[in-house]
2 protein chains.
Amino acid sequence: MTLSPPLTELISQVPPFDESAAAAARTRQDLLTKPQGSLGQLEALSVQIAGITGCLDPEIEPTAVIVAAATHGVCEEGVSAFPAEVTAQMVTNFLHGTAAINALARNCNAEVFIVDAGVVPECPDDEKLHHLGFGKGSANFAKQAAMEKSEAESIIERGAAFATKLHQQGIRMISLGEMGIGNTTAAAAVVAVITDSSPSATTGRGTMIDDDTWQKKVSVIEQAIAKHQLDSKDAIGILSAFGGYETGFLCGCILGAASCRMPVILDGYPTSAAALLAELLHPDIKKIMIAGHCSAEPGHRLALDHLELKPLLNLSMRLGEGSGAALAIPIVTAAVRCLNEMATFEEAAVAGRKT
Amino acid sequence: MTLSPPLTELISQVPPFDESAAAAARTRQDLLTKPQGSLGQLEALSVQIAGITGCLDPEIEPTAVIVAAATHGVCEEGVSAFPAEVTAQMVTNFLHGTAAINALARNCNAEVFIVDAGVVPECPDDEKLHHLGFGKGSANFAKQAAMEKSEAESIIERGAAFATKLHQQGIRMISLGEMGIGNTTAAAAVVAVITDSSPSATTGRGTMIDDDTWQKKVSVIEQAIAKHQLDSKDAIGILSAFGGYETGFLCGCILGAASCRMPVILDGYPTSAAALLAELLHPDIKKIMIAGHCSAEPGHRLALDHLELKPLLNLSMRLGEGSGAALAIPIVTAAVRCLNEMATFEEAAVAGRKT
């Protein structure tokens, strides 16, 4: 797989996970005033963040909640319970601050960044919207590739540049989300190819489609996989085959965050597809990923297992928008606070275990 | 079971769960801009809180994090990996703001209230500590009742008065926690009797005791249950048999919160024992309870199942102090925000499902 020079350079800039900072955090956890291991997954999370940031006293706030939106050509095949124009309408809802993700971001003082990665009909002209001026959504992958390979590379670069710019502006952690009617269909195709799973295992109910629509969704994916003949390691080939643009953008955000040592919180199924693509581009990059939650989409669990990620939340959510990731932000900040703000047994003069 | 006049009056003051507010919240959830049900457990939580508060636009902040501490006489039997004096030392740690619960409360802007429900040696004289001036911890229940029945009633009344006073001071939700070396032993006895389970099923590793200590812990509980001959519906008898004072205090907090229509977030095993006792005193009171998490203690799941509560978090935590409850506070506030701050499909002019 030959990548574009900018992507090759970007990937070469990703620093390694800092094993010594992680080990120091593990040692500190064992000295804090609690039985060892009693904070469970919070302890592992704090150790991971020390390793990502290379710091025992990591800054992960402010956190940016990124929601990338794009239209999916595959909607023509009738794979969703909602019409494709809902994508643009929901972008307006995000900009008005009245969608679930806005409420969830306010709940933890995170700032929301809405990105138009190719939405049809055109999104409103709003200074709060980050227009990429990038295409008009993906082509119908049942008939042709969702996008050109050069576009796939370019949208990833745009995502990386976006995350890097947020870091320059002071952001210290990113939480990923998406909006795109039809995008669980694209995700199911991406996850099937990368994890070598059958489309019937990776295809879920999305926005609660009925049995007939589910059958059609599976069949569209099966036929497209047969037609495109992909290498399961070829991130650019897979992204260009199925899309969508928001998935490529989010994959780039992960690479950009990694280059700046920022932790990334994943949301649901489409963001896990972006994460799998990023992992193909840089096999160690899963170490900067935190699985915010496990959604009700069955393929999401397959993707998380492939990435060896254990989700923080299991609340039967299946909305997208970054909702599960944003809900996990306070858990991540809590983990870091416990590492940094707790006294050791010695500092607090608390007796340890009986010997 | 005849209760003291103050307890009888308190219980009579608990208003019923408001089914019509809950139904209105359910209706509203189905109109909001998301596929129906896609916020999963967050939707159920918002409906529950509407029913508890009797309000579609419920106020649940500020939230109080209550940590009740007490010494347990049963520690004499060697049931814990830590010495009994750690209870008092940890109270000092709480007052200094350097324990896990302090970090977790700061993480969600909740205020911490530390209550001395009978700690030996005496706790420091600190204006931030709420001294009840109540006893010197429970007696060793392997040898005698942990407390008099009149004391059991009195400590419950004190808890109810405390929660009521917090409500008068503006608090709108409470999150419960405890500290007491030995209190998972008391909890295991309480849960075994109320859920009619064997002590080997309700007894866990607490602060990570070894196999021999675990065997001893089970055997102490088995013998005490055989000796005390309790009615599984007699909350006062069970509390007086096993304690602890903090458990009785927290049981009272639940009753007091219910009388003020405040939701209560439960933490780990000892708080679930308090919840089971409260449920015996008022069989509908579980409707105001939210299970913050499921701890690594095996009996905790038994207690939550008995109360028909589904925990919000499963992060293998087993610290106590209210840590799992406090970590769940942002999830609860998020659920209420989504109900109140999201637009409906009509308000946002977003197209609904295809027909």
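Shown above is the structure to which this text applies.
Peer 1: So what exactly am I meant to see when it comes to the interface of chain B and chain A here?
Peer 2: In this assembly, 58 residues from chain B lie in contact with 58 residues from chain A. Buried surface at the junction of chain B and chain A, both sides included, amounts to about 4700 Å², of which 60% is carbon and sulfur. By the criterion of area lost to chain A, the three top residues of chain B are B:Leu315, B:Arg353 and B:Lys354, representing 13% of everything that side buries. Across the contact surface, chain B and chain A share two salt bridges. When the shortest N-O distance is used, the salt bridge between B:Glu341 and A:Arg106 registers 2.9 Å. Put simply, the parts of the chain that give the side of chain B that touches chain A at least two residues each are α3 (41–53), α4 (86–96), α5 (100–107), α14 (323–341) and α15 (345–348) of chain B. With eight residues, α14(B) is the largest single contributor of residues to the side of chain B that touches chain A.

Peer 1: How do you make sense of the sheet that holds strand β4 (residues 173–179) of chain B when you look at a structure like this?
Peer 2: Paired through backbone hydrogen bonds, the strands of a sheet run either parallel or antiparallel to each other. Residue and element names in this part refer to chain B. The sheet built from six strands is open, its strands ordered β3-β2-β1-β4-β5-β6 with parallel pairing. Whereas interior strands pair on both sides, the edge strands pair on one side only; in this sheet they are β3 (129–131) and β6 (289–291). With direction set aside, neighbouring strand axes in the sheet form an average angle of 30°. Direction of pairing for β4 relative to strand β5 (residues 264–266): parallel, over a ladder of two bridges. The residue of β5 that forms the bridge with Ser175 is Ile265.

Peer 1: So what exactly am I meant to see when it comes to helix α7 (residues 183–195) of chain A here?
Peer 2: The periodicity of an α-helix, 3.6 residues per turn, causes residues three or four places apart in sequence to face the same way. Residues and elements named next belong to chain A. Look at α7: 18 Å from first C-alpha to last across 13 residues, which is about the 18 Å you get at 1.5 Å a residue. For α7, the tally of buried residues reaches 13 of 13 residues, placing the bulk of the element in the interior. Positive phi appears at Asp196, one or two residues downstream of α7, with a value of about 55°.

Peer 1: Could you clarify how one ought to interpret the pairing of strand β1 (residues 63–69) of chain A in this entry?
Peer 2: Residues and elements named next belong to chain A. Burial analysis of β1 places seven of its seven residues in the buried class, which makes it a mostly covered element. Alternating positions in β1 separate into two faces, Thr63, Val65, Val67 and Ala69 on one and Ala64, Ile66 and Ala68 on the other, with burial throughout. Sheet topology places β1 next to strand β4 (residues 173–179); seven bridges connect them, and they run parallel. Its bridge partner lying in β4, Thr63 is registered against Met173. By the bridge criterion, six bridges tie β1 to strand β2 (residues 111–116) in an arrangement that is parallel. What sits directly across from Val65, in β2, is Val112.

Peer 1: What should I look at first to understand the side chain of B:Glu297 in this one?
Peer 2: Residues and elements named next belong to chain B. Relative to the helices and strands, Glu297 is located in the loop between β6 and α13 (298–306). In this structure Glu297 is buried but unpaired, with Lys217 as the nearest side chain of opposite charge at 4.7 Å. Within the structure, the side chain of Glu297 is placed 3.4 Å from the backbone nitrogen of Gly204, a separation counted as a polar contact. Ignoring any residue separated from it by four or fewer positions in sequence, one finds Glu297 in contact with Thr184, Gly204, Arg205, Gly206 and Tyr269.

Peer 1: Sorry, what's going on with the sheet that holds strand β3 (residues 129–131) of chain A here?
Peer 2: Residue and element names in this part refer to chain A. The sheet built from six strands is open, its strands ordered β3-β2-β1-β4-β5-β6 with parallel pairing. Whereas interior strands pair on both sides, the edge strands pair on one side only; in this sheet they are β3 and β6 (289–291). Averaged over all pairs of adjacent strands, the angle between their axes in this sheet comes to 30°, without regard to strand direction. Where helix α12 (residues 269–281) meets the sheet, its contacts fall on β4, β5 (264–266) and β6, and the angle it forms with β4 comes to roughly 120°.

Peer 1: Even after reading the chapter, I still don't get the packing of aromatic side chains, so can you show me in this structure?
Peer 2: The geometry of an aromatic ring pair is captured by the separation of the ring centres together with the interplanar angle, meaning the angle of the planes. Inspection of every chain in the model, using the stated rule, returns eight aromatic pairs over all chains. The interplanar angle of 80° and the centroid separation of 5.2 Å between the aromatic rings of B:Phe141 and B:Phe242 together place this pair among those described as edge-to-face. Taken together, the residues B:Phe141 in the loop between β3 and α6 (149–168) and B:Phe242 in helix α10 (residues 235–242) connect sequence positions 101 residues apart. For the residue pair B:Phe141 and B:Phe242, the accessibility class agrees, reading buried in each case. Connected via pairs of aromatic rings, a cluster forms that spans A:Phe113, A:Phe162 and A:Phe249.

Peer 1: What should I look at first to understand the relation of the copies chain B and chain A in this one?
Peer 2: Two copies of the chain are present, and they differ by a rotation about an axis and a shift along that axis. Rotating chain B by 180° and moving it 0.0 Å along the rotation axis overlays it on chain A with an RMSD of 0.0 Å. As the rotation angle and translation indicate, the two copies are arranged about a two-fold axis. The fraction of interface residues of chain B whose copies in chain A are also interface residues reaches 100%, indicating that both copies meet through the same surface.

Peer 1: Is there a simple way to think about the environment of A:Pro35 in this case?
Peer 2: Summarising the element assignment, A:Pro35 is placed in the loop between α2 (19–29) and α3 (41–53). Residue classification places A:Pro35 among the buried positions, given a relative accessible area of 10%. If near-sequence neighbours (up to four positions away) are discounted, A:Pro35 is found in contact with A:Glu43, B:Phe82, B:Thr207, B:Arg318 and B:Leu319.

Peer 1: Please explain the pattern of salt bridges as it appears in this structure.
Peer 2: Where charged atoms from two side chains of opposite charge approach closely, those side chains can pair. Throughout the structure, instances matching the rule amount to 26 salt bridges over all chains. For B:Arg205, the salt bridge goes to B:Asp211, with nearest N and O atoms at 2.8 Å. By relative accessible area, which is 51% here, B:Asp211 ends up exposed. The partner of B:Glu308 in a salt bridge is B:Lys286, and the shortest N-O contact between them spans 3.4 Å. Note that B:Glu308 is positioned in the loop between α13 and α14 and B:Lys286 in the loop between α12 (269–281) and β6, a separation of 22 residues in sequence. For B:Glu308, a relative accessible area of 63% puts it in the exposed group. Here the residues in one salt-bridge network are A:Arg26, A:Asp30, A:Lys34 and A:Glu43, joined through shared partners.

Peer 1: Any chance you could explain the packing of α7(A) against helix α9 (residues 211–228) of chain A here in plain terms?
Peer 2: Geometrically, a packed helix pair is captured by the angle between its two axes and the distance between the axes. Residue and element names in this part refer to chain A. Relative to each other, α7 and α9 sit at 45°, their axes nearing to 10 Å. On the basis of the axis angle, α7 is oblique to α9. α9 is crossed by α7, and the crossing has right-handed handedness. Taken together, the residues of α9 that come into contact with α7 (itself represented by Thr184, Thr185, Ala188, Ala189, Ala192 and Val193) are Lys217, Ile221 and Ile225. Among the residues forming the contact of α7 with α9, the class breakdown is six nonpolar, two polar and one charged.

Peer 1: For this particular structure, what's the right way to read unusual backbone geometry?
Peer 2: Residues apart from glycine generally show negative phi values, whereas peptide bonds are mostly found in trans. In this model, A:Val120 is joined to A:Pro121 through a cis peptide bond whose omega is -10°. Here B:Glu61 and B:Pro62 are connected by a cis peptide whose omega angle stands at 0°. Tracing the backbone through its elements, the reader meets B:Pro62 in the loop between α3 and β1 (63–69). Phi is positive for A:Glu308, which is not a glycine, with a value near 55°. In this structure, A:Ser316 takes a positive phi of about 55° despite not being glycine. Tracing the chain through its elements places A:Ser316 in the loop between α13 (298–306) and α14 (323–341).

The rules we used
- Residues numbered from 1 in each chain as written.
- Chains lettered and ligands numbered in written order.
- Predicted model: local features only at pLDDT ≥ 70, side-chain atom pairs only at ≥ 80, totals over all residues.
- Heavy atoms only, no water.
- Contact = heavy atoms within 4.5 Å.
- Buried area = accessible area lost by both parts, 1.4 Å probe.
- Salt bridge = Lys/Arg side-chain N within 4 Å of Asp/Glu carboxyl O.
- Helix = DSSP H or I, 4+ residues; strand = E, 2+ residues; numbered from the N terminus.
- Pairing = 2+ DSSP bridges.
- Axes fitted to C-alpha atoms, helices over the stretch in contact; angles between N-to-C directions.
- Expected span 1.5 Å × (residues − 1).
- Buried < 20%, exposed > 50% of the residue type's maximum accessible area, 1.4 Å probe, protein only.
- Lys, Arg positive; Asp, Glu negative; His and termini not counted.
- Polar contact = N/O pair within 3.5 Å; in protein donor to acceptor, adjacent residues only side chain to side chain.
- Phe/Tyr/Trp six-rings, centres within 6.5 Å; stacked < 30°, edge-to-face > 60°.
- Least-squares fit on C-alpha atoms with pLDDT ≥ 70 in both.
- Parallel < 35°, antiparallel > 145°, perpendicular 65-115°, else oblique.
- Left-handed = near helix turned anticlockwise from the far one by under 90°.
- Nonpolar A, V, L, I, M, F, W, Y, C, P; charged D, E, K, R; others polar.

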